[in-house]
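# Summary of the model geometry
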Amino acid sequence: MSSIDFPRRFLWGTATAAHQVEGGNWNNDWWAWEHDPASPCVEPSGDAVDHYHRYREDLGLLADLGFNAYRFSLEWSRLEPEDGEVSLAALNHYRRVIEACHEVGLLPVVTFHHFTTPRWVAARGGWGAPDTADLFARFAQWAAEGLSDLLSIVCTINEPNIVATMGFLTGVFPPGLQDPGARERANGVLIDAHHKAAAAIRRAAPGCRVGLTLAMSEWTAVDGGEETLDELRGPMEDVFLEATRVDDFIGVQTYSRNRISPAGYLGPEPDAELTLMGYEFRPQALEATIRRAAGVTGLAVFVTENGVATTDDRRRIEFVRRALEGVHRCIEDGIEVLGYTYWSALDNFEWVLGYGPTFGLIGVDRGTQQRSVKASARWLGGVARANALG
């Protein structure tokens, strides 16, 4: 069987988020949330996988495997622990992380907000308060200035649709509200924050490519559910896709699909294979979301997250293989796809579900913090090194 070749300079990466891997991020809304007995969190993040101190080891593993990009996030609550109080020590830490990426041949893809917000911002209303957009843009401006010589690709906000929906509509994320009006307002604040932060980052780091990452699903209407599908997808995806038309790329993050009947969400089919997240095992969803994101925005697409939570590493390889076949079909049809980023580099803290779901290419014994490279990591690293799917 002949190999499937990817374009020159295609980015092959893995990803983490600060709160999920660093450990000890006590000054943000998520640490408070996971320690609240009334929240749905099954356990606190604690030391996580101590990536804050072990990043050089982890980056070395990823580079040795064959990857050429690494997506990670800055922790706003470390960098600005109180209103207007800048931590140069934290900024220099992230400079060292980015420098370490360059040293081992990984292009750093830097996300400025990945779910966590400083406690002092949350106390002022968080993403429900309009002036949070200005606070975030101010943070983005000076952080980008401090890192400007090292930045190439930047994501402003990770999955703002999840921040708004889970935090303000379903009540699963902080602040734990269940209010459709509050979700709509949060959508507006997050979009405003993205626009203002993107402009600030471009001023601070000219030439840097800036975009938004969006949680996207394949949507399937069942038994005449087309109208309901449009109603649900509008505030979840469409308002954000429409807001990115002036960006340099759209980050697509896909794990499965939504099945919609006239009454709403149906869940997976009864006989569907499920992942540890309870999602339908559906690698072909990525192709559907790339096509939709490119069609709506007209932008280049960067797959900034795609992966599967499973204890069966053979299924992980199968999932990614089939997802990449779909990526290649998109490229063959003329869609510009910048790269593919597997979520996640390490088994880590999966928010309300704690350490149960294992997405990582690299396992972690949290008692010893010892890393163990999985077969899927070696397989995908080989794909990355060859820039081809055999």
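For the structure itself, consult the block above.
Residues numbered from 1 in each chain as written. Predicted model: local features only at pLDDT ≥ 70, side-chain atom pairs only at ≥ 80, totals over all residues. Heavy atoms only, no water.

## Focus: the environment of A89
Convention followed: Secondary structure elements are taken from DSSP: a helix is a run of H or I of four residues or more, a strand is a run of E of two residues or more, and numbering for both begins at the N terminus. With a 1.4 Å probe rolled over the protein chains alone, any residue whose accessible area is under 20% of its type maximum counts as buried; one over 50% counts as exposed, and the rest are partly exposed.
Within the secondary structure, A89 is located in helix α5 (residues 88-104). With relative accessibility at 57%, the residue A89 sits in the exposed group.

## Some thoughts on helix α8 (residues 160-168)
Of all nine residues in α8, eight are buried; the element is thus mostly enclosed. Those residues of α8 not exposed but buried are P160, N161, I162, V163, A164, T165, G167 and F168.

## Considering unusual backbone geometry
At the junction of P174 and P175, the peptide bond is cis and its omega measures out at 10 degrees in the coordinates. Inspection of the secondary structure puts P175 in the loop between α8 and α9 (180-204). Non-glycine residue R9 carries a positive phi angle of around 70 degrees. Topologically, R9 is positioned in the loop between β1 (4-5) and β2 (11-15). The phi dihedral of W351 is positive, around 55 degrees, even though this residue is not glycine. Within the secondary structure, W351 sits in the loop between β12 (337-343) and β13 (362-365).

## Quick notes on the pattern of salt bridges
Threshold: Salt bridges are defined by distance alone: a side-chain nitrogen of Lys or Arg within 4 Å of a carboxyl oxygen of Asp or Glu.
Scanning the model with the defined rule gives 32 salt bridges in all. A salt bridge links E57 to R54, with the nearest nitrogen and oxygen atoms 3.9 Å apart. Taken as a pair, E57 and R54 lie in helix α3 (residues 51-65) at a separation of three residues, close to a single helical turn. The closest approach of N and O atoms between D83 and R124, which form a salt bridge, is 2.8 Å. Of the two residues, D83 is situated in the loop between α4 (76-79) and α5 and R124 in the loop between α6 (119-123) and α7 (132-147); the sequence distance between them amounts to 41 residues.

## Here's the deal with the sheet that holds strand β3 (residues 69-73)
Selection rule: By the convention used here, strands pair only if DSSP detects at least 2 bridges between them. Fitted lines through C-alpha atoms give the axes, limited to the stretch in contact for helices. The angle between two N-to-C directions lies from 0 to 180 degrees. Contacts between residues were defined by any pair of non-hydrogen atoms, one from each residue, lying within 4.5 Å.
Ordered by their spatial adjacency, eight strands build a closed barrel running β2-β3-β4-β5-β6-β8-β11-β12, and the pairing between neighbours is parallel. Recorded for the sheet is a direction-independent mean angle of 25 degrees between the axes of neighbouring strands. By the bridge criterion, four bridges tie strand β5 (residues 153-158) to strand β6 (residues 209-215) in an arrangement that is parallel. Along β6, the bridge assignment pairs N158 with T213. Against the sheet, helix α12 (residues 313-332) touches β2, β11 (301-306) and β12, its axis set at about 170 degrees to β12.

## Regarding the packing of aromatic side chains
We apply this condition: Here a pair means two rings of Phe, Tyr or Trp (six-membered ring of Trp) with centres within 6.5 Å. Their orientation is stacked below 30 degrees between planes, edge-to-face above 60, and tilted elsewhere. We count a charge as sitting over a ring when the NZ of a lysine or the CZ of an arginine lies within 6 Å of the ring centre and within 35 degrees of the ring normal.
If you walk through the whole model with that rule in mind, you get 24 aromatic pairs. Centre to centre, the rings of F349 and Y355 are 5.5 Å apart; their planes meet at 55 degrees, and the pair counts as tilted. One exposure class covers both F349 and Y355, and it is buried. Taken together, the ring pairs connect W76, F112, W120, W127, F136, F139 and W142 into an aromatic cluster. Over the ring of Y52 we find R78, and its NZ or CZ is 4.0 Å from the ring centre. Taking the ring centre of F281 as reference, the NZ or CZ of R315 above it sits at 4.4 Å.

So, to be careful, I would describe these as geometric facts and stop short of saying anything about function.
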